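# Coordinate analysis (summary)
So you can see what is in the structure, the chains are spelled out below.
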Amino acid sequence: SITGETVDLLEPYLDMEDYNLETAKKVCGNVAGLCSWTQAMAYFYGINKEVLPLKANLALQEGRLAAAQIELNNAQIQLDEKQMELDQVQAMYDTAMKEKQALLDDAEACRRKMNNATALIEGLGGEKLRWTASSKNFQNQIINLVGNVLLATGFLSYSGPFNQEYRNLLLQLWKKEMDNSKIPYSNDLNLTGMLVDNATVGEWNLQGLPNDDLSIQNGIIVTKASRYPLLIDPQGQGKIWIKNKEKNNGLQVNSSFNIFLCVCHF
């Protein structure tokens, strides 16, 4: 029933570049035969009677194509099902691998902590004796604190006017009285170390204070005693030290002086 008019209407489509069987199969395989069929009808319009066997063969091939397409669709469905199963198994595998790696990381972290703890315990084991001795020493310091403070207070209050020899004699007399009164104190007490630290002494030395024990004791009395000191200072060492020490504090110097209750011999 095809006519020339129909062929004319088909001509623009037949000339199109993508109007072919391969492109039609890609777009929709079920109707790809229509593309070939329309081209064949237009091409053999004039000799329709000669192409009847070809038309029969075309019908046969279309039937085979449809059957193959059905088989392909069934195979694709099976493939999709197997792919889903594979994806599920892969997801389970990935999860198991992540859990495995997390366990390995935890085990490694635990191993490091155990090694660090072991090293720490072994290192601290040797400190037990020192800690025990330090604890005992601290306990003794607590017991002797009252006597040590009493000696330091007496030193600050009464030792200023005396030289080193008499200061040591005073300490010995005070210790004897404390023994009689059963007041505990440290036998190896270092009043200088108790009342001032090495950094402060070093700063005093830079400011001009001599480094001998008597001068350092005088520096302690001057800075820590509650009474203002009178410095008996024939060599001017104490004056130089005080000027340097109080230079940044607005010290004013004049020729007059007062006599104070606390006396230090330089």
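Criteria and cut-off values
Residues numbered from 1 in each chain as written. Predicted model: local features only at pLDDT ≥ 70, side-chain atom pairs only at ≥ 80, totals over all residues. Heavy atoms only, no water. Patch = residues over 30% accessible without salt bridge, like charges linked within 9 Å, V, L, I, M, F, W, Y side chains within 5 Å. Areas by Shrake-Rupley, 256 points an atom, 1.4 Å probe, with all protein chains shown as cover. Salt bridge = Lys/Arg side-chain N within 4 Å of Asp/Glu carboxyl O. Lys, Arg positive; Asp, Glu negative; His and termini not counted. Charge placed at Lys NZ, Arg CZ, Asp CG, Glu CD. Helix = DSSP H or I, 4+ residues; strand = E, 2+ residues; numbered from the N terminus. Phe/Tyr/Trp six-rings, centres within 6.5 Å; stacked < 30°, edge-to-face > 60°. Core = buried A, V, L, I, M, F, W, Y, C linked by side-chain atoms within 4.5 Å. Buried < 20%, exposed > 50% of the residue type's maximum accessible area, 1.4 Å probe, protein only. Contact = heavy atoms within 4.5 Å. UniProt positions renumbered as here; feature names shortened; annotations may be inferred. pLDDT = per-residue confidence, 0-100. Expected span 1.5 Å × (residues − 1). Arc of directions from axis to C-beta.

As recorded in an unreviewed UniProt entry, the protein goes by the name DYH5 protein, listed as coming from Stercorarius parasiticus.

A surface patch of like charges, here negative, comprises Glu 5, Asp 8, Glu 11 and Asp 15. Take Glu 5: it is sitting in helix H1 (residues 4-14).

Moving on to the packing of aromatic side chains. Each aromatic ring pair is summarised here by two numbers: the centre-to-centre distance and the angle between the ring planes. Taken as a whole and judged by the stated rule, the model has two aromatic pairs. Considering the side-chain rings of Phe 162 and Tyr 166, the 6.4 Å spacing of their centres and the 40° angle between planes classify their relative orientation as tilted. Geometrically, the ring pair formed by Trp 204 and Trp 241 is edge-to-face, given 5.6 Å between the ring centres and 70° between the ring planes. Of the two residues, Trp 204 sits in helix H8 (residues 198-206) while Trp 241 sits in helix H10 (residues 237-245), which places them 37 residues apart along the sequence.

Now for the nonpolar core. Counting residues in each nonpolar core, the largest one holds 19 residues, and the members touching the most others are Phe 155, Leu 156, Leu 191, Leu 195, Trp 204 and Ile 220. Residues contacting Trp 204, with those up to four places away along its chain left out, are Val 196, Leu 209, Ile 216, Gly 219, Ile 220, Thr 223, Trp 241 and Lys 245.

A word on a nonpolar patch on the surface. On the surface, a cluster of nonpolar side chains totalling about 380 Å² of accessible area is made up of Phe 162, Tyr 166, Leu 169 and Leu 173. Mapped onto the fold, Leu 173 is located in helix H6 (residues 164-180).

This next bit is on the UniProt feature "coiled-coil region" (unreviewed entry) in the protein. In the numbering used here, UniProt assigns the "coiled-coil region" (unreviewed entry) feature to residues 58-113. Split by type, residues 58-113 is 100% helix and 0% strand. Its first and last C-alpha atoms lie 79 Å apart.

What follows concerns the pattern of salt bridges. Inspection of the entire model under this criterion finds two salt bridges. Close ionic contact of Glu 108 with Arg 111 constitutes a salt bridge, the shortest N to O distance being 2.6 Å. Within this pair, Glu 108 and its partner Arg 111 are both found in helix H4 (residues 52-125), separated by three residues, close to a single helical turn. A relative accessible area of 43% places Arg 111 in the partly exposed class.

Now for the confidence of the model for the protein. Chain-level pLDDT for the protein is 84 on average; 92% of the residues reach the 70-or-more range. Counted against residues more than four places away or in other chains, residues 257-262, with its pLDDT under 50, gives 13 contacts.

Moving on, we come to H6. Between its first and last C-alpha, H6 extends 25 Å over 17 residues, near the 24 Å set by a 1.5 Å rise per residue. Every buried residue belonging to H6 is among Arg 167, Leu 170, Leu 171, Lys 175 and Met 178, and all of these are buried. Each buried residue of H6 sits inside an arc of 135° when the element is viewed along its axis, so together they form one side. For H6, exposure combined with an orientation more than 90 degrees from the buried face picks out Glu 165, Lys 176, Glu 177 and Asn 180. Downstream of H6 by a residue or two, Lys 182 has a phi angle that is positive, lying close to 55°.

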